[in-house]
Amino acid sequence: MTLFTIDEVRKTFKNGEVEEEILKGINLSLKEGEITALVGASGSGKSTLLTIAAGLQPATYGQVLFEEQNLMTMSTEQVRKLRASKFGFVFQFAHLVPFLTVEEQLLLMLEVADSSLKKHEQKHEVNRLLQLVGMAHRMTAYPSSLSGGEKQRVAIARAIIHQPKVLFADEPTASLDSQRSKEIMLLLRELTKTLNITTLMVTHDEEMLAYADRIIKMSDGVVLPSAMY
Amino acid sequence: MNLAWKEIKKNKVRFIILGSIIFLVSFLTFIISGLANGLSQDNAALIKDLPKGQFYMADDADGTFNLSRIDNDLQQKVMTKEKDAVAFSIQMGFLNDRDDKQQSVAFVTSTESTLFKNVHQGEVLLDSSLQDKGIQVGDTLTNNQYSGEFIVKGFVEQKKYSHAPVAYISEEAYHEMYRVNNKQLIYVPNKEPKEFKGLQAYSNKEFLNTIPSYSAEQLSLNMIIWFLVVISGMLFAIFFYMMNVQKIGLYGILKAIGLKTSKLFKMIWTQMAIITVISLFVSVSLSQLFNLVAPKGMPFTLTIATTTQLSIVFLIIGFIGATLSGIQIKKIEPLQAIQQGEA
Ligand SMILES: Nc1ncnc2c1ncn2[C@@H]1O[C@H](COP(=O)(O)OP(=O)(O)OP(=O)(O)O)[C@@H](O)[C@H]1O
Ligand SMILES: [Mg+2]
């Protein structure tokens, strides 16, 4: 089922006097329970597309439809609420909150997402998620004492603890070695399937494409027809 | 989740440094204001300690009470109308002790009143600072213009005028020494100003400001205090700003995952409040302690009222500083943070 539609999205940036069109009319639809991989040369506009889809910046033109609502016409507060409750994010760096323990990172996310769970249910849920990503034993650790891969696993747990509908991942494995990368990808795939999440993932790494259901290739601001790769 | 407190707990050193700065500037401000107050006490405690009321001097004195001579009939008239009124005079002069050592004093005489001290002819009541200079009860003191002698009857606390200890003498002695039969001033406690022909009314504050040395001294000291307050305000703001700039990445991430900007504001306000209140508590306690142990010769008076007032000003400044740097946070785009490196 289609959950997310990107429709004729364009984005121009002003570099001083010159206007540069980075996205030149992108059409894309994402399906539930699928990982869509976004690949392409550096500078082709992958991250820009992902952040527009995630409501982190507006498009210059076009629509981003989620559950039949257009993100582009929503107020900032509506978009924030959507991000907090329906979207999850994983980036190249884990971007954990340095002064919170692993457990608190996830509890904060539940709070931000306005979770209806009771205190002890939240704790239980956090424990379950951390078990899922294999980090339950580091529950009380601070990010500074975790390895890159461990941080990323916590970040993934944080991205999905509030049961988002869509998961946005921008090069989630770029800071990890290939062994760790595979583990993370397996984890993402498993979560996408079991929780029926819609995942949009940018990656540079050819190896990671094996875990995707669909591969979209971008070049210079447009999506290449599938025949070309 | 109490993010504010969690961060303070994790980054103790950073917040202790900020707290120390707030402590140092507020402590310095308290000490300076204690000195200013002490000097003003030293300069005019005699007047300052009187309750709010009205001072009347002859209107032809033009605001210089030294030149004021209130006609005896007029004085009588005012005093029958206002039964709490007291007429008094102040003159700077010297007292010589047994060893002919001169002590500079402010001679004060008044009609009968509980607000001033009245003594019998040939007696003198001195400010206690003279006791520290070796003068004792029962000593006899002299003055060049006075034919008799003064016997020290006792001491009073904290009665100073123009940085000199006050010496209360009888009306007769005063009249002989300064060859006047009139008083310079009439003071009516707890009253609104009234019209008396030939007299000009001054409130306590207005009257203090007619004393030239007093107003000049207070002006410069108050200037110093307010400069300190302004400078510390800027220091607060700058430090909070720098701290927040370092955390732009963090704020961006929190915004990206959907934390409300208002929650971020609450976080920095709470932190500001915690740090400021603790630092002020320490500096208030220490300055009050200093108030108790300050050496006797040092004019230092720091009232709880002044400390509270300044503390409130510091809290407001802190709040403004935190809010200003908070506005910076409002502008942070979540994207910026994500595109920056490791957090
Ligand atoms: N805020 C911005 N202002 C101006 N130009 C921008 C901005 N953000 C992105 N760009 C430009 O848009 C282009 C695409 O950037 P984007 O980050 O989407 O590329 P990418 O495909 O993710 O590349 P990479 O694989 O290196 O991450 C780049 O040329 C970049 O310089
Ligand atoms: Mg990118």
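All residue numbers refer to position in the chain's written sequence, counted from 1. Whichever chain is written first is A, and whichever ligand is written first is 1; the rest continue in order. Owing to the predicted nature of the model, reporting of local features is limited to residues with pLDDT of at least 70; listing and counting of side-chain atom pairs is limited to 80 or more, with chain, interface and lining totals taken over all residues. Water and hydrogen atoms play no part in the side-chain values, which are based on all heavy atoms of the structure.

**Side note on the sheet that holds strand β6 (residues 87-90) of chain A**
Residue and element names in this part refer to chain A.
Part 1: Strand order in the open sheet formed by six strands is β6-β7-β8-β3-β9-β10, with mixed pairing between adjacent strands. Either end of the sheet is taken by a strand with one partner, and the two such strands are β6 and β10 (222-223).
Part 2: Paired strands, in this sense, are two strands between which DSSP finds at least two bridges. Secondary structure elements follow DSSP: runs of H or I of four or more residues count as helices, runs of E of two or more count as strands, with numbering from the N terminus. Relative to strand β8 (residues 198-202), strand β3 (residues 35-40) is paired through four bridges, and the arrangement is parallel. Along β8, the bridge assignment pairs Ala37 with Met201.
Part 3: Packed on one face of the sheet, helix α2 (residues 76-86) meets β6 and β7 (166-170) and runs near 75° to β6. Every residue pair with non-hydrogen atoms within 4.5 Å of one another is taken to be in contact. Here, axes are lines fitted to C-alpha atoms. For helices the fit covers the stretch in contact, and angles between N-to-C directions go from 0 to 180 degrees.

**Some points on the interface of chain B and chain A**
Part 1: On the side of chain A, 27 residues touch chain B, which itself brings 25 residues to the contact.
Part 2: Values labelled buried area give the accessible surface lost by two parts on being combined, using a 1.4 Å probe and summing over both. For the pair chain B and chain A, the summed buried area comes to about 2400 Å², and 69% of that belongs to carbon and sulfur atoms.
Part 3: Summed over the three residues of chain B that lose the most area to chain A, namely Met1(B), Lys10(B) and Ile257(B), the buried surface amounts to 27% of that side.
Part 4: A pair is scored as a salt bridge if a Lys or Arg side-chain nitrogen falls within 4 Å of a carboxyl oxygen belonging to Asp or Glu. Our count for the chain B to chain A interface comes out at two salt bridges.
Part 5: Close ionic contact of Lys263(B) with Glu111(A) constitutes a salt bridge, the shortest N to O distance being 2.4 Å.
Part 6: Think of a polar contact as two N or O atoms within 3.5 Å of one another; within protein, one of them needs to be a possible hydrogen donor and the other a possible acceptor, and neighboring residues in sequence only count if both atoms come from side chains. At the junction of chain B with chain A, the criterion picks out six residue pairs in polar contact (both at pLDDT 80 or more).
Part 7: Listing elements by their share of the side of chain B that touches chain A, those giving two or more residues are α1 (3-10), α7 (248-256), α8 (261-293) and α10 (334-339) of chain B.
Part 8: By residue number, the principal contributor to the side of chain B that touches chain A is α7(B), which donates five residues.
Part 9: Each residue gets one label: Ala, Val, Leu, Ile, Met, Phe, Trp, Tyr, Cys and Pro are nonpolar, Asp, Glu, Lys and Arg are charged, and the others, such as Gly, are polar. Looking at side-chain class alone, the side of chain B that touches chain A contains 14 nonpolar, three polar and eight charged residues.

**Topic: the sheet that holds strand β4 (residues 61-66) of chain A**
Residues and elements named next belong to chain A.
Part 1: Reading across from one edge, β2-β1-β4-β5 is the order of the four strands in this open sheet, with antiparallel pairing throughout. Unpaired on one side and paired on the other, β2 (18-31) and β5 (69-70) mark the two borders of the sheet.
Part 2: Strand direction decides the pairing type here: strand β1 (residues 2-15) and β4, joined by five bridges, are antiparallel. What sits directly across from Arg10, in β4, is Tyr61.
Part 3: Sheet strands touched by helix α1 (residues 46-53): β1, β2 and β4. Its angle to β1, the strand with the most contacts, is close to 120°.

**Observations concerning the pattern of salt bridges**
Residues and elements named next belong to chain A.
Part 1: If you walk through the whole model with that rule in mind, you get 23 salt bridges over all chains.
Part 2: Between Glu67 and Lys165 there is a salt bridge whose closest N-O contact spans 3.1 Å. Pair noted here: Glu67 is in the loop between β4 and β5 and Lys165 is in the loop between α5 (148-160) and β7, with a separation of 98 residues, a long-range link.
Part 3: Through salt bridges with shared partners, a single network forms among Glu8, Arg10 and Glu21.

**Observations regarding the pairing of strand β8 (residues 164-168) of chain B**
Residue and element names in this part refer to chain B.
Part 1: Remark: exposure states derive from per-residue accessible area (1.4 Å probe, protein chains only) relative to the maximum for the residue type, with buried under 20%, exposed over 50%, and partly exposed in between. Here β8 lies mainly inside the structure; five of its five residues are buried.
Part 2: Summarising the sheet, strand β3 (residues 102-110) and β8 pair through three bridges and their orientation is parallel. Residue pairing in the sheet places Phe107 in a bridge with Ala167 of β8.
Part 3: Relative to β8, strand β4 (residues 123-127) runs antiparallel, the two being bridged by two bridges. Across the sheet, residue Leu126 finds its bridge partner in β8, namely Ala167.
Part 4: Sheet topology note: the strand β7 (residues 160-161)/β8 ladder contains two bridges and is antiparallel. Looking at β8, one finds that Lys160 is bridged to Pro165.
Part 5: Hairpin connection of β7 to β8: two residues between the antiparallel strands, including Ser162 at a positive phi of 50°.

**Observations regarding the packing of aromatic side chains**
Residues and elements named next belong to chain B.
Part 1: Under the pairing criterion, centres of Phe, Tyr and Trp rings, with the six-membered ring standing for Trp, must be within 6.5 Å; the plane angle then separates stacked pairs below 30 degrees from edge-to-face pairs above 60, leaving the rest tilted. Inspection of every chain in the model, using the stated rule, returns 22 aromatic pairs over all chains.
Part 2: Between Phe23 and Phe27, the ring centres sit 5.5 Å apart and the planes meet at 20°, which makes this aromatic pair stacked. One end of the pair, Phe23, and the other, Phe27, are both in helix α2 (residues 12-48), four residues apart, so they sit about a helical turn from each other.
Part 3: Classification of Phe23 by relative accessible area gives buried; the value is 18%.
Part 4: The interplanar angle of 10° and the centroid separation of 4.4 Å between the aromatic rings of Phe55 and Phe207 together place this pair among those described as stacked. In this pair, Phe55 sits in strand β1 (residues 53-58) while Phe207 sits in helix α5 (residues 204-210), placing the two residues 152 residues apart along the sequence. Side by side, Phe55 and Phe207 carry an identical accessibility label, which is buried.

**Description of α1(A)**
Residues and elements named next belong to chain A.
Part 1: Within α1, seven of the eight residues are buried, which leaves it mostly tucked inside the rest of the structure.
Part 2: Of all the residues in α1, the buried ones are Lys46, Thr48, Leu49, Leu50, Thr51, Ile52 and Ala53.
Part 3: The first or second residue beyond α1 is Gly55, which carries a positive phi of 75°.

**Some remarks on a nonpolar patch on the surface**
Part 1: For patch detection, residues must exceed 30% relative accessible area and be free of salt bridges, and they are connected within 9 Å for like charges or within 5 Å for nonpolar side chains (Val, Leu, Ile, Met, Phe, Trp, Tyr). A 1.4 Å probe and the Shrake-Rupley method give the accessible areas. Residues count as covered only by the protein chains that appear here. Residues Ile278(B), Phe281(B), Val282(B), Leu286(B), Leu289(B), Leu292(B) and Val293(B) make up a contiguous nonpolar surface patch of about 720 Å² in total accessible area.
Part 2: Tracing the chain through its elements places Ile278(B) in helix α8.

**Remarks on the domain arrangement of chain B**
Residues and elements named next belong to chain B.
Part 1: By domain assignment, chain B separates into domain 1 (3-44 + 215-340) and domain 2 (47-211).
Part 2: Bear in mind that the domain bounds are from an automatic or database domain assignment. Here domain 1 and domain 2 have C-alpha centroids that lie 44 Å from each other.
Part 3: With ten residues of domain 1 at the contact, the number on the domain 2 side is 13 residues.
Part 4: Summing both sides of the interface, domain 1 and domain 2 together bury roughly 990 Å²; the carbon and sulfur share of this comes to 32%.
Part 5: Together, Gln41, Asp42 and Ala44 form the three largest contributors to the area buried by domain 1 at its contact with domain 2, with a combined 55%.
Part 6: Taken together, the links from domain 1 to domain 2 amount to one salt bridge.
Part 7: Inspection of the region where domain 1 meets domain 2 yields nine residue pairs in polar contact (both at pLDDT 80 or more).
Part 8: Mapped onto the side of domain 1 that touches domain 2, the elements with two or more residues apiece are α2 and α6 (212-246).
Part 9: Of the residues that constitute the side of domain 1 that touches domain 2, the class distribution is two nonpolar, five polar and three charged.

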